[in-house]
Amino acid sequence: MDVIFNCSHCDQELSVDAAGAGTTIECPSCGQKIVIPQPPHHPVNPITTSAAAKEEKHFAVPVHANPTESLITKPLPPLEVAAKGGVSLRVKSIRRSDCVEVGKDHFDEVVTRFLEKIGEANLVKIETFNYTHQDLATRDWVTDYGVLLIYRG
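A. Broad picture of unusual backbone geometry. The backbone of V102 sits at a positive phi, close to 50°, despite the residue not being glycine. Here V102 lies in the loop between β6 (100-101) and β7 (104-105). Judged by its relative accessible area of 87%, V102 is exposed. Positive phi, close to 65°, is recorded for R139, a residue that is not glycine. Tracing the backbone shows R139 in the loop between β8 (123-134) and β9 (141-152).

B. Examining helix α3 (residues 107-118) more closely. In this model, α3 (12 residues) spans 17 Å end to end at C-alpha, consistent with the 16 Å of a helix rising 1.5 Å per residue. In this structure, the buried side of α3 is in contact with β5 (89-95), β7, β8 and β9. Phi for G119, located one or two positions after α3, is positive at around 85°.

C. Spatial organisation of the side chain of D144. With respect to the helices, strands and loops of the structure, D144 is situated in strand β9. For D144, a relative accessible area of 7% translates into the label buried. Polar side-chain contacts of D144 include one of 2.9 Å to the side chain of R96. With sequence-adjacent residues up to four places away left out, D144 is seen in contact with R96, S97, F129, N130, Y131 and H133.

D. Main features of the pairing of β8. Of the strand pairs in this sheet, β8 and β9 are connected by 11 bridges, and their pairing is antiparallel. Across the sheet, the residue bridging to Y131 is D144, located in β9.

E. How the structure looks around the pattern of salt bridges. Under the counting rule described, the total for this entry stands at 5 salt bridges. In this structure, the salt-bridge partner of D105 is R96, at a minimum N-O distance of 3.3 Å. R96 is paired through a salt bridge with D144; the nearest N and O atoms lie 2.9 Å apart. Of this pair, R96 sits in the loop between β5 and β6 while D144 sits in strand β9, and the two are 48 residues apart along the sequence. Members of the salt-bridge network, linked through shared partners, are R96, D105 and D144.

F. Local environment of the packing of aromatic side chains. Evaluated as defined, the whole model comprises 3 aromatic pairs. Measuring from centroid to centroid gives 5.4 Å for F114 and Y151, while their planes differ by 80°, and the two rings are edge-to-face. Within this pair, whereas F114 is found in helix α3, its partner Y151 is found in strand β9, the two being separated by 37 residues in sequence. For the pair F114 and Y151, one class covers both residues: buried.

So, how was this worked out
- Residues numbered from 1 in each chain as written.
- Predicted model: local features only at pLDDT ≥ 70, side-chain atom pairs only at ≥ 80, totals over all residues.
- Heavy atoms only, no water.
- Helix = DSSP H or I, 4+ residues; strand = E, 2+ residues; numbered from the N terminus.
- Buried < 20%, exposed > 50% of the residue type's maximum accessible area, 1.4 Å probe, protein only.
- Expected span 1.5 Å × (residues − 1).
- Contact = heavy atoms within 4.5 Å.
- Polar contact = N/O pair within 3.5 Å; in protein donor to acceptor, adjacent residues only side chain to side chain.
- Pairing = 2+ DSSP bridges.
- Salt bridge = Lys/Arg side-chain N within 4 Å of Asp/Glu carboxyl O.
- Phe/Tyr/Trp six-rings, centres within 6.5 Å; stacked < 30°, edge-to-face > 60°.

Following this line, the structure appears as structure tokens:
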């Protein structure tokens, strides 16, 4: 560790190994004799001496009566494995009118979540469609749209 100090005569900043503390040297800048000071005493880290550091922590593993739901889902099998076991195609239609809640359109989020769930590798085809339904509030006929998803499942 180095001791960093300034010359008392010319104010030149000097750095000397801490082992030389207390010895006399010549300043390389002004040539005057100076004594290397003792390294400053570093205070103890306050975090290690705090009450929080001394507090004993007791952790407990939660115990459940029933098996808990797994947060990690099993990935879909690769196409090669699915081909050997017989591929079954499934169809899902998502209508935009079913995704509107309190004036907010969640159609994109619903379609995105479903596509993430089935996985891009298992998607066979996406088709758009139009349909007409009667609005319950106004009794008007409304034309809307949706998507038809064909996927391996």
